Amino acid sequence: MKNFGTALILIGLGAIGLDARADTRPESTVPQKYSDLLEQRVQSSSAGANFAGWATIISGGATLAASIPGYYLSEDLFAQLIYTLGQNVGVAAVAYGTYQVMIPGEEARFAKILSGTPGLTNQNREDLARGFYRETAARARNLRWIRVISHGLSASLNFMNAATTGHTELRLTLLFLGSINTLATLGFGFKESEEEKLYESVRGTQALLGPQSQRRAGNTLDWGFLVGAVNGVQIRF
Amino acid sequence: MKNAATIAERSITKIGRAYAAWIVATAVFLSPDQLAHSAPSESAFTAVPSRFQTETLTVGSRGLGEICLGRNFMPDGTVCNPAFLGEQTENTLMGRGFLGNGYTAIVSAHHFLFKTLSRDFLESLFKNQQVTSLEANTGLVFTGRYLSASFSPYRLQYVSEVHNPNFPVVAVHAALERQLEISGGFAPWDARKDWRGGVSLGLKSRVFYRQYVHGSFSLAQVLIDDPNSLLPPQQQRGFSFNPGVAWNSRDLVRRAKFRASLGLKNLGASWPANDLYPENPDIESGVGAEIPLSYGTLIPTLDFVDWFRGDTLLARGRLGLSYRIGMLEPMIGVNARALTLGAQFGISLVQGGIVYEMFRQDFSGRSADNRIATELSIRI
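Structure report, in brief. This one's a predicted model, so the numbers in the text were calculated from it and none came from an experiment.

## Comments concerning helix α6 (residues 168-190) of chain A
And then number 1: For α6(A), with 23 residues, the first-to-last C-alpha span of 33 Å sits near the 33 Å given by 1.5 Å per residue.
And then number 2: When α6(A) is considered as a whole, its buried residues turn out to be T173(A), L174(A), F176(A), L177(A), G178(A), I180(A), N181(A), A184(A), T185(A) and G189(A).
And then number 3: Elements that come into contact with the buried residues of α6(A) comprise α5 (122-164) of chain A together with β1 (92-100), β2 (131-144), β3 (147-163) and β4 (169-186) of chain B.

Take a look at the structure:
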């Protein structure tokens, strides 16, 4: 049990350590594809998120400021409804904008962890960044297939309901919704998400590296953590 | 593979050129001589009031003075000019409801269109305020890159106007429309990085069905004649195509972008033909810009529509100006009929919008009136 616990601890360390040990090249020559990408994207996205966050705060405040007097000055029922919506959306926008400014995104959080962890080599950072993008791509792919199935089911239900209703407006509306859901099913089924494309595009650049790194990429790209973990467990036992 | 790709690109370019040439040729063919008969009179009840003539009824369109051609995205995120569909980056499905000028007249409109009329109901119209009007629209809109589709199963228009207090006459227009629009757009020429930008093409196709009543009757007629013979409901079906070509600059001075667009409208047919809904072909154009500021973007747009059938030079122009910042887009619009002020706002799923129409002149050249319209939409 004690050994097993130690093995679990070493799973993470093995994922990092053994790969780095296997690469005998000097630190400066280790390619930094994914970690560079992470750094670039965090830099650009944090500036963008900050800007977008403040824009959302300002616009939310303006909406709130206009909606409060608008509600009390308006006599039209639907205008009052819209101003009420404006008040709520305004408050939500201020909160959301603050969230955008203060709470970093997943990439930024991960980059912060990487940079704040002492003792990591360049190779460690690269492996972890690669793992991060691989997991992100895998999650996006799974989400895409969940969408394919759900839109496909929705399309079937809409077509079935359209075929059985006698109400013209409802039938046309359901046929329209069914068609859009079919389009969405096909779209999500055949088109890779941005996360998948990003991972694959950077992965493709690995082929430009030398034979050693190609071999290493072949072993560790998809299964890097697993190979490292297994190695770690084997060594400990 | 490269050769095959090059051949495919050339074919697309050739198709694009032929399409653009066809648009220009049709524009030339539609010369003023061909369109000799004049535009409908503005007298209410010899024509549909201008506020009911817009193809797309949204807060964004109304708040921006009915502009469409010179702008890529409307405030609610939909694409009005199909030639700009290539700029769309995400797929959205939106359900939206628009209500203009109150809701009490909905019952009256449905009465005229679908129910057996009674004398009591018709007499009650003479006791109403001088002008009662209503616009309502519900619809679903899908917008994606290169393709958009919208379906409006319920667009209701109603106005009743009491004339001549000494010998009262009520004029009524009520219509319920269903409309399906499918649009496609693409850019056969790659956008250049410099000021030349890129050229794109688009086509909007529309199928519609409407049921309407239109006419006037006096109080004496209500008392003598069969109420249901006064304004019998009529129906009309039709289709139309609106092809267009657009130019879109790359970032120019201070990251500003410029756009210009030329399009044909109402190439199609409707039956039975009725002067009330002429659906005449014409040319329309628009120019616009997107000017980034410290926070947000200023978007001025000028459309010039109905080149041949517009009443006056002023009646052809439509001006819209909006400022997009975060989740809010306040807007102002001016055209020959109205000055409008509005705003669209929303985060995540929910969007709301409100527009005030000031100095609106639609009915019989009478004094202008002020109106209010609201919209609620859900994005998926």
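After that view, the rundown keeps rolling.
## Notes on the state of the cysteines
Residue and element names in this part refer to chain B.
And then number 1: For the coordinates displayed, the defined rule picks out one disulfide over all chains.
And then number 2: Each sulfur of the disulfide joining C68 and C80 lies 2.0 Å from the other. Disulfide C68 to C80: torsion about the S-S bond roughly -105°, handedness left-handed. Pair noted here: C68 is in the loop between α2 (59-63) and β1 and C80 is in the loop between α2 and β1, with a separation of 12 residues, a long-range link.
And then number 3: Overall, C68 belongs to the buried group, its relative accessible area being 12%.
And then number 4: Residue classification places C80 among the buried residues on the basis of a relative accessible area of 12%.

## Regarding the nonpolar core
And then number 1: Ranked by internal contacts, the top residues of the largest apolar core, which has 24 residues, are F112(B), L122(B), L125(B), Y158(B), V172(B) and F217(B).
And then number 2: Taken together, the elements giving at least two residues each to this core come down to α3 (106-114), α4 (119-127), β2, β3, β4 and β5 (198-218) of chain B.
And then number 3: In this view, L122(B) contacts F112(B), L117(B), F217(B), V222(B), P227(B) and L230(B); residues no more than four positions away in its chain are not counted.
And then number 4: By size, the runner-up hydrophobic cluster in this structure holds 17 residues, among which are A108(A), F110(A), L114(A) and V202(A).

## Some details on the pattern of salt bridges
A side chain with one charge can pair with a side chain of the opposite charge if their charged atoms come near.
And then number 1: Inspection of the entire model under this criterion finds 20 salt bridges over all chains.
And then number 2: Close ionic contact of R134(A) with E135(A) constitutes a salt bridge, the shortest N to O distance being 4.0 Å.
And then number 3: Accessibility expressed as a relative area gives 11% for R134(A), which makes it buried.
And then number 4: Taking the relative accessible area as the measure of exposure, E135(A) reaches 48% and is therefore partly exposed.
And then number 5: Where R62(B) meets E135(B), a salt bridge forms, and the shortest distance between an N and an O atom there is 2.9 Å. Pair noted here: R62(B) is in helix α2 and E135(B) is in strand β2, with a separation of 73 residues, a long-range link.
And then number 6: In this structure E135(B) comes out as buried when scored by relative accessible area, which is 0%.
And then number 7: By sharing partners, the salt bridges in this structure join R62(B), E66(B), E135(B) and E357(B) into a single network.

Cut-offs applied
- The numbers attached to residues start from 1 for each chain and follow its sequence in the written order.
- Chains carry letters from A onward and ligands carry numbers from 1 onward, assigned in written order.
- Two thresholds apply to this predicted model, a pLDDT of at least 70 for residue-level local features and 80 or more for giving and counting side-chain atom pairs, whereas whole-chain, interface and lining totals are computed over all residues.
- Computation of side-chain values: all heavy atoms of the structure, hydrogens and water removed.
- For the purposes of this entry, the term helix denotes a DSSP run of H or I that reaches at least four residues, the term strand denotes a run of E that reaches at least two, and both are numbered from the N terminus.
- Helix span is expected to be 1.5 Å times the residue number reduced by one.
- To sort residues, take the accessible area from a 1.4 Å probe on protein chains only and compare it with the maximum for the residue type: under 20% means buried, over 50% means exposed, and anything in between is partly exposed.
- Two residues qualify as a contact provided that any one of their heavy atoms is within 4.5 Å of a heavy atom in the partner residue.
- What counts as a disulfide here is a pair of cysteine sulfur atoms lying within 2.5 Å.
- The definition of a nonpolar core used throughout is a set of buried Ala, Val, Leu, Ile, Met, Phe, Trp, Tyr and Cys residues joined through side-chain atoms within 4.5 Å.
- Salt bridges are counted wherever a side-chain nitrogen of Lys or Arg sits within 4 Å of a carboxyl oxygen of Asp or Glu.

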